[in-house]
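Below, each chain spelled out in residue letters.
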Amino acid sequence: MKKFLKIFIVTGLLSGFFQVFFHHTILVSVIQGLYFGLVMASALCFLEKCALKKIGRTEASIGVKQEMRFTVKLSKLETLEKVKHVFAELNARIINYNSLENIIEGRTTWNWKSFGEILTVRFVDMGNQTGVYVESRPSLGTIMVDYGKNLENVEKFRQLMEK
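S.K.: Report on the pattern of salt bridges, specifying residues and quantitative values.
M.R.: Evaluation of the coordinates by the stated rule reveals five salt bridges. Between Glu48 and Lys3 there is a salt bridge, with the nearest N and O atoms lying 3.0 Å from each other. Placement of the pair is Glu48 in helix α2 (residues 26-54) and Lys3 in helix α1 (residues 2-22), with a sequence separation of 45 residues. Grouping residues by exposure puts Glu48 and Lys3 together as buried.

Now the structure itself:
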């Protein structure tokens, strides 16, 4: 419901604002803006709900930024190499690597669900295993609906790392 209201307000206000240029009456612009906001919010929330149901999730209010923590039984160097291979399998190119803080960032290519995502991976050496934190978020900060794409990214990343 929160996401629906957010989409409704943003699209309705923007549409109503631009309608003022086409209609000289504010009342017509407000009504058309409200109608457009309602249609867009309904359609986008419905499509996202269907996409989430397809991947086995029912939470309609899931956010676009997703994160996950897990451990792998690899050394720090082995984890680094594995992360590079996983990025290649996810069609993500490395855009930033900080060896002091053990952070790697990658960017996926765009597809019909998104304009690409930023994957951030942090890992901590824990003796005979490594703690891994992965975060996936849209490359555009204005994205409100991702149809579960970032959730898919973190789950697939974990699966590939644990193989």
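S.K.: Account for the pairing of strand β1 (residues 66-72), naming residues and giving values.
M.R.: The side chains of a regular strand alternate, residue by residue, between the two faces of the sheet. Only one face of β1 is covered, namely the face carrying Gln66, Met68, Phe70 and Val72; the face carrying Glu67, Arg69 and Thr71 is uncovered. Inspection of the sheet shows β1 paired to strand β5 (residues 130-138) by seven bridges, in the antiparallel sense. Directly across from Phe70, in β5, lies its bridge partner Val132.

S.K.: Describe α2, and please don't skip the residues or the numbers.
M.R.: End to end, α2 covers 42 Å across 29 residues, agreeing with the expected 42 Å (1.5 Å per residue, within 8%). Buried within α2 we find Ser29, Gly33, Gly37, Ala41, Glu48, Ala51 and Leu52. The inward-facing, buried residues of α2 contact α1. Just past α2, the residue Gly56 takes up positive phi, approximately 90 degrees.

Conventions and cut-offs
Residues numbered from 1 in each chain as written. Predicted model: local features only at pLDDT ≥ 70, side-chain atom pairs only at ≥ 80, totals over all residues. Heavy atoms only, no water. Salt bridge = Lys/Arg side-chain N within 4 Å of Asp/Glu carboxyl O. Helix = DSSP H or I, 4+ residues; strand = E, 2+ residues; numbered from the N terminus. Buried < 20%, exposed > 50% of the residue type's maximum accessible area, 1.4 Å probe, protein only. Pairing = 2+ DSSP bridges. Expected span 1.5 Å × (residues − 1). Contact = heavy atoms within 4.5 Å.

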